[in-house]
Amino acid sequence: MPQKILAGRATDPQLRGDLVQVKVDQVILSRAPSRALAEAIATGMKKTPVEVAVAYDGTCVADASSLADVDEGSPHSVSPEFPTYNIPIARPGIGFPAPVHLERFAAPARLALTDDPRLATVGGIGMLSLVVSPSQLGQALATGSAWLRPPRSVQIHLSGRVRPFVCARDVALELLRRNLDEVVRRIEGEHHAPVILEFAGPSARLLSVGDRAVLCGIAPQVGAAAALFVSDEKTEVFLRDQRRSKAHRALVPDPGAPCEEVVSIDLGTVDPLLMDEDGVVRPVRDLAGKPVAQVVLGGDSGVTLRDMLAAALLLKSKRVPSRLDLLVAPPSRQVLEVLAQSGALVDLVATGARIVEPDRRVVTSEIYPPPPGGLSLRTADPEPRIAGAPSFVVASAETLAYAVATGAVGDPRSFKRPVRVTVPRALPTDDVLILRDKKGEQVSTKKPPPAPPAVPWKGPLTLDVLAGVPKGNGRAAVGARARKAPAPVEAAPPAAEEKAQAAPAEGKAASGVALVLSTLDEVRAVAERATDLSSVRAVVAPFVPSTAVSAFASEGIATFLVGAEALGSIKEQKSVELPAPAQWGDRVAAVFGSERVEVAWLATGMERSWTHAGTVRQPPSAGKPAR
């Protein structure tokens, strides 16, 4: 299916070559909207030719810092001039980007580019969503096309029916328990191409679009580029309920279409599961009886409208325990309205719930973090698990409802009987919080910030070696802190910290930082913050997904593959010396301290020229939309 979507938009329908140019249908701006707009304007954009482009302003709880970001033109802010470039703004309060886009904009058999991995959930409607860097998004906004690596597919064959008190969240956790990440990593290593999860089988067609979206949300956690479901009658009904029937297109795989591997799962064998604070998926009974201090029901993934209604019914006439804090974060304004109209919101408030705004910082735990020393249960997918980041338990909405009812973790099957939930067909679809440009009227005269200057690779470089992810919350201040005193998140002994921050070899000035990363979560965390970490020039790791390689290259960051056995000695070094770019090939001779190590350069095709130039940006006269 992903190959069908790309082939119909590519200049080469056979998808030959390391990278192919494809026409883009949608651009979704979430994490660094202003940076993407600045890149597009630098390329010469007046109005974007993309069919749908949306900028999500996820800062609902305004404070002095967020207001200053807007005033100073922070890359993470959304300035009022977006609509003048044919890019509507989804204003604060409309909901989290992933569920809102699924409801109001996502369309089957289309290609979307985004800077937010959490938008993988739109694959539930049959839309292919790929994560790229803000500079690549700028090119897509300006030209309507992008260069992408042709993907490979892993099929997940679903059979059977889920049992009572088992939700789509439990099925997603079961897939994580099956070590799907190892399958993705092996195929990536063999083909150096992004891997896309394709859900198939008789049970795939029985799932609602909301349940499909929950399953697609696991793609970033296993290193996959995206996930995709068929577009069928269920999809058509969903779009009809959203009053968007014209957006429907059928999407099914061709008979006998090849895939790299098939993973089968019987839904009837899935039990209520949870992901503990260490990221290990376990049966709920393993933590049964453990006291719970905080429950966050909702968020941008892991929960559907049906799940929210079921939790409200299970908690009707219950009361929140004295030592438990129940927070309800409705995924979207539409869900909030349905909960209110059905009376479920009243039931939750009567239980003792606090209704919180759909601020992007809820899912990252920047606000409402897990209480110290207490257990926090949530439905949303976690951010990359790195040392020092807030940790919580992920479980289904019905498991959370049992925790609220009893004050402790327990199997939701302990409820007397399952609830019968009727999801209304008449859904509120008023886009009052979508800000569009009316008749070309200029919303703001303030100019967007200029695109940052490219930092090309010139001659050999000596870089400081830093193990782990630099400290910071992913905002613009991180880059400044990294330039002053890079420090790992990991709690290292004082001597190790001094060594990581020490100057490079005597007589050689450092030209930046080389990050040595051990896990996929560390790579994901750095990829999401690449625009902030301006001092980072290279990433060295035993596994880097192809989408991250391309995103790093577009920011002028070189990505190198190294064997896991060499990581230990590399991390202990103070600096690394890299030869001049003219001497780079598939293998690069790097000198870590006094140790010579052969590393593999993972960039391919045009990605290599992007790395050396320090940007993917093209002059205003270059680039036209692919036909």
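Residues numbered from 1 in each chain as written. Predicted model: local features only at pLDDT ≥ 70, side-chain atom pairs only at ≥ 80, totals over all residues. Heavy atoms only, no water.

Lay out the overall build of the protein chain in plain terms, naming residues and giving numbers.
Each helix and strand counted, the protein chain has 21 helices and 26 strands in total. For the C-alpha atoms alone, the extent of the protein chain along its principal axes is close to 70 × 60 × 55 Å. Looking at the protein chain residue by residue over its 627 residues, the buried ones come to 59%. Across the protein chain, contacts joining residues at least 24 apart in sequence account for 77% of those joining residues at least 6 apart. Element-wise, carbon and sulfur atoms account for 52% of the exposed surface of the protein chain, whose accessible area totals about 24,600 Å². Charge centroids of the protein chain, computed over 72 positive and 68 negative side chains, lie 4 Å from each other. (Helix = DSSP H or I, 4+ residues; strand = E, 2+ residues; numbered from the N terminus. Buried < 20%, exposed > 50% of the residue type's maximum accessible area, 1.4 Å probe, protein only. Contact = heavy atoms within 4.5 Å. Areas by Shrake-Rupley, 256 points an atom, 1.4 Å probe, with all protein chains shown as cover. Lys, Arg positive; Asp, Glu negative; His and termini not counted. Charge placed at Lys NZ, Arg CZ, Asp CG, Glu CD.)

Got a sec to walk through the packing of aromatic side chains? Specific residues and values, please.
By the definition in use, this model includes six aromatic pairs. The interplanar angle of 0 degrees and the centroid separation of 4.6 Å between the aromatic rings of Phe199 and Phe229 together place this pair among those described as stacked. Here Phe229 lies in the loop between β10 (226-228) and α10 (233-241) and Phe199 lies in strand β9 (residues 195-200), a separation of 30 residues in the sequence. When its relative accessible area of 1% is taken as the criterion, Phe199 is described as buried. Exposure remark for Phe229: the relative accessible area of 0% places this residue in the buried category. Plain terms: the ring middles of Phe560 and Trp584 are 5.5 Å apart, the flat faces sit at 70 degrees to each other, and that makes the pair edge-to-face. Of this pair, Phe560 sits in strand β23 (residues 558-561) while Trp584 sits in the loop between β24 (575-578) and β25 (587-592); the two residues are 24 residues apart in sequence, bridging distant segments of the chain. Here Phe560 and Trp584 have matching classes, each one buried. An aromatic cluster is present here, built from Trp457, Phe560, Trp584 and Trp601 joined pairwise through their rings. The residue whose ring lies beneath Arg378 is Phe392, and the NZ or CZ to ring-centre distance is 4.8 Å. When the ring centre of Trp457 is taken as origin, the NZ or CZ atom of Arg537, which lies over that ring, is 4.6 Å away. (Phe/Tyr/Trp six-rings, centres within 6.5 Å; stacked < 30°, edge-to-face > 60°. Lys NZ or Arg CZ within 6 Å of the ring centre and 35° of its normal.)

With reference to specific residues and values, describe the confidence of the model for the protein chain.
Overall, the prediction assigns the protein chain a mean pLDDT of 89, with 91% of residues at 70 or greater. Mean pLDDT values for the elements of the protein chain range from 34 in helix α16 (residues 477-484) up to 98 in strand β2 (residues 26-29). Below a pLDDT of 50 lies the segment residues 473-507, which in the model reaches 63 contacts outside its immediate sequence neighbourhood of four places, other chains included. Taken as a whole, residues 622-627 scores under 50 in pLDDT and shows 16 contacts with residues more than four places along the chain or in a different chain. (pLDDT = per-residue confidence, 0-100.)

Quick one: what's the story with the sheet that holds strand β3 (residues 52-56), residue by residue and with numbers?
As summarised here, the arrangement of the six strands in space is β6-β5-β2-β3-β4-β19, forming an open sheet in which the pairing is mixed. Two strands in the sheet have a free side with no partner beyond their single neighbour: β6 (128-131) and β19 (434-435). Sitting on the sheet, helix α4 (residues 97-104) touches β2 and β3, and the angle it makes with β3 is about 150 degrees. (Pairing = 2+ DSSP bridges. Axes fitted to C-alpha atoms, helices over the stretch in contact; angles between N-to-C directions.)

So, the environment of Pro452: which residues are in play, and what are the values?
The residue Pro452 is located in the loop between β19 and β20 (461-467) in this model. Between the C-alpha atoms of Pro452 and Thr615, which are 163 residues apart in sequence, the distance is 9.7 Å. Pro452 has contacts with Arg35, Glu39 and Arg617, leaving out every residue within four places of it along the chain.

Outline helix α21 (residues 606-613), supporting the account with residue identities and numerical values.
Considered for burial, the residues of α21 that qualify are Glu607, Trp610 and Thr611. Burial along α21 is one-sided: seen end-on, the buried residues are contained in an arc of 100 degrees. Those residues of α21 that are buried are in contact with α5 (134-143), β7 (145-148), α19 (546-554), β23 and β26 (595-601). Just downstream of α21 lies Gly614, where phi reads positive at about 85 degrees. (Arc of directions from axis to C-beta.)

Which residues make up empty space enclosed by the protein, and what are the values?
Scanning all chains against the criterion turns up six cavities of 30 Å³ or more. There is about 430 Å³ of room inside the largest cavity. Every residue lining the largest cavity is counted, 30 residues in all, and those nearest its centre are Pro117, Val131, Arg524, Ala527 and Glu528. Counting residues per element, the ones that place at least two in the lining of the largest cavity are β6, α18 (520-528) and α19. No other element matches α18, which puts four residues into the lining of the largest cavity. Counted by class, the lining of the largest cavity contains 16 nonpolar, seven polar and seven charged residues. Computed from the structure, the second largest cavity encloses a volume of approximately 160 Å³. (1 Å grid on protein atoms, 1.4 Å probe; cavity = no way out; pocket = protein on both sides within 12 Å on 5 of 7 lines; lining within 4 Å. Points joined across faces, edges and corners; volume = space filled by probe spheres on them. Nonpolar A, V, L, I, M, F, W, Y, C, P; charged D, E, K, R; others polar.)

Describe the pattern of salt bridges, and please don't skip the residues or the numbers.
Per the stated rule, a full pass over the model turns up 36 salt bridges. We note a salt bridge from Glu260 to Arg152, for which the minimum N-O separation is 3.2 Å. On the criterion of sequence distance, the pair formed by Glu260 in the loop between α10 and β11 (261-266) and Arg152 in strand β8 (residues 152-159) is long-range, its members being 108 residues apart. When its relative accessible area of 32% is taken as the criterion, Glu260 is described as partly exposed. For Arg152, a relative accessible area of 31% translates into the label partly exposed. Because the salt bridges share partners, they merge into one network encompassing Arg31, Asp116, Arg118, Asp300, Glu383 and Glu528. (Salt bridge = Lys/Arg side-chain N within 4 Å of Asp/Glu carboxyl O.)

Give a description of the environment of Pro150 that names residues and reports values.
By the secondary structure assignment, Pro150 is in the loop between β7 and β8. According to the relative accessible area criterion, Pro150 is buried, its value standing at 16%. Residues within four places of Pro150 in sequence aside, it is in contact with Leu15, Gly17, Asp18, Leu19, Val20, Ala193 and Pro194.

Go over the sheet that holds β20, please, and point to the residues and values.
One closed barrel accounts for seven strands, arranged β20-β21-β22-β23-β26-β25-β24; its pairing is mixed. When the angles between neighbouring strand axes are averaged without regard to direction, this sheet yields 35 degrees. Bridging between β20 and β24 involves four bridges; their strand directions are antiparallel. Along β24, the bridge assignment pairs Asp464 with Ser575.

With reference to specific residues and values, describe a nonpolar patch on the surface.
Residues Leu336, Val349 and Ile355 make up a contiguous nonpolar surface patch of about 210 Å² in total accessible area. Mapping Ile355 onto the fold places it in strand β16 (residues 354-355). Relative accessible area serves as the criterion here: at 37%, Ile355 is assigned to the partly exposed category. (Patch = residues over 30% accessible without salt bridge, like charges linked within 9 Å, V, L, I, M, F, W, Y side chains within 5 Å.)

Can you break down the side chain of Gln139 residue by residue, with the values?
Position of Gln139 relative to the elements: it lies in helix α5. Only 2.8 Å separates the side chain of Gln139 from the side chain of Thr43, close enough to count as a polar contact. Residues contacting Gln139, with those up to four places away along its chain left out, are Thr43, Gly144, Ser145, Val616, Arg617 and Gln618. (Polar contact = N/O pair within 3.5 Å; in protein donor to acceptor, adjacent residues only side chain to side chain.)

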